[in-house]
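# Observations on the three-dimensional arrangement
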Amino acid sequence: MNEVKVIEIKKSVFAENEKDADALRQELKSKGVFLLNLMSSPGSGKTTTLIQLINKIKDKVRIAVMEADIDSDVDAVKIKKATGVPSIQLHTGGMCHLDAEMTRQGIDNLDLNEVDLVILENVGNLVCPAEFDTGSCRNAMILSVPEGDDKPLKYPLMFTVCDLVIVNKTDVMPYFDFDLERCKTNIHQRNPKAEVIPISAKTGDGIDRLATWLLQEVNVDKLRC
Amino acid sequence: MNMHELGIVFYIIRDVKQVAEDNHVDHISTVVMDIGEVSTVVPHLLTDCWRWAADKEPLLQGCELQCNTIPAVTWCDECKREYETVKYGKTCPHCNSDNTWLLHGNEVEINSIVV
């Protein structure tokens, strides 16, 4: 008769990824490279925001972009064309998020001697990307006005893990029932430390403030090494 | 099939394969999971994805995924009491405070394997 044996594991499914992420973070730090993980829902304006932001700061820091999507390379092509910075496309092969291992594969395809700042545009999704640490130095997310000011209540983890919340499409605020102050209250209820920067990627409003935040974070991080 | 749960399944498979290797096990009959009520993982979707992916692995053919639910409980820092997270969310039902923290209920853990 076969004997039944139970082997205790008691381990979080995310534990291995967190180890990989910490290792990647340390490695990037030692090479003086800052990795920003940018998350949001589909259609919040990640790519348009990035183009505005990159064009504002590309003379001050050397930037590379990694675009993560389930399929296609439309974003990588668009970024390269509009900004001239190196941009690579990562395919998650059907997965709804990027993990540290996949991020590393992307990083390995960049010449880190030529880069100070890597921006990772994560898969458009407010759930899974928040659960998987990519190894980034900072996490940012974009919440666009049409999505509503209640999203921090509905997707608490996303707002908990982000250092910065960019509120995009403020130019259409008059047409939506979106209250910026209520939104900030909802965000800070989940994450008192989160920075909130309202922008309109379309008109360019607020991009200066966003650029200042990012350059400051990149420099602060460098000093810490 | 759900992409989120499928991703989690791939992580479980990676971890239990390692445990099997470490313990010189060639077949696992059950994997026991602890899934928190507010973990964003839906157990019946997880078991659906599990069936599809596990049967592709000789180590896990026919292996059951058993999900234990861990209730979500929040602690209120203001009145120092606990309450059910799913029912009341972020705001304490005893004193209305938002100064509250999840004690448990967001676990996605592999509890054990039966070989």
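Because the structure is predicted, anything quoted here is derived from the model rather than measured.

## Points about the packing of helix α2 (residues 46–57) of chain A against helix α3 (residues 74–83) of chain A
All names here are of chain A. In the contact formed by α2 and α3, the axes pass within 10 Å of each other and the chain directions differ by 25°. Considered as vectors, α2 and α3 are oriented roughly parallel to each other. The chirality of how α2 crosses α3 is right-handed. Where α2 approaches α3, its residues T47, L50, I51, I54 and N55 are matched on the opposing element by D75, K78, I79, A82 and T83. When the residues that make up the contact of α2 with α3 are grouped by side-chain class, the tally is five nonpolar, three polar and two charged.

## Things to note about the interface of chain B and chain A
Opposite the 21 residues of chain B that make contact, chain A presents 20 residues. Among the secondary structure elements, those contributing two or more residues to the side of chain B that touches chain A are α1 (3–22) and β6 (108–114) of chain B. Per-element tally for the side of chain B that touches chain A: the top contributor is α1 of chain B, with nine residues. Tallied by class, residues from the side of chain B that touches chain A come to 10 nonpolar, six polar and five charged. In this sheet, β6 of chain B lies alongside strand β1 (residues 6–12) of chain A in antiparallel orientation, the contact comprising five bridges. Following the sheet pairing, S12 of chain A is matched in β6 of chain B by E109 of chain B.

## Points about the packing of helix α1 (residues 15–30) of chain A against helix α4 (residues 100–107) of chain A
All names here are of chain A. Relative to each other, α1 and α4 sit at 30°, their axes nearing to 8 Å. What the angle tells us is that α1 and α4 run roughly parallel. Together, N17, D20, A21 and L24 of α1 and A100, E101, T103 and R104 of α4 make up the contact between the two elements. Residues belonging to the contact of α1 with α4 are distributed by class as follows: three nonpolar, two polar and three charged.

Rules and cut-offs
Sequence order as written defines residue numbering, which begins from 1 separately in each chain. Naming scheme: in the order in which they are written, chains are lettered from A and ligands are numbered from 1. In keeping with the predicted nature of the model, local features appear solely for residues at pLDDT of at least 70, side-chain atom pairs appear and are counted solely at 80 or more, and the whole-chain, interface and lining totals rest on all residues. Lines fitted to the C-alpha atoms define the axes, with helices restricted to the stretch that makes contact. Angles between their N-to-C directions range from 0 to 180 degrees. The way it works is that DSSP assigns letters per residue, a run of H or I at least four long becomes a helix, a run of E at least two long becomes a strand, and they are numbered from the N terminus. Geometric relationships in this document are graded by angle, where less than 35 degrees denotes roughly parallel, more than 145 denotes roughly antiparallel, 65 to 115 denotes roughly perpendicular, and other angles denote oblique. A clockwise turn of the near helix away from the far one marks a right-handed crossing, whereas an anticlockwise turn of less than a right angle marks a left-handed crossing. Here, residue contact means that the backbone-derived C-beta atoms of the two residues sit within 7 Å. Gly is put with the polar residues, along with every residue not named as nonpolar or charged; the nonpolar set is Ala, Val, Leu, Ile, Met, Phe, Trp, Tyr, Cys and Pro, and the charged set is Asp, Glu, Lys and Arg. By definition, two strands form a pair when at least two bridges between them are found by DSSP.

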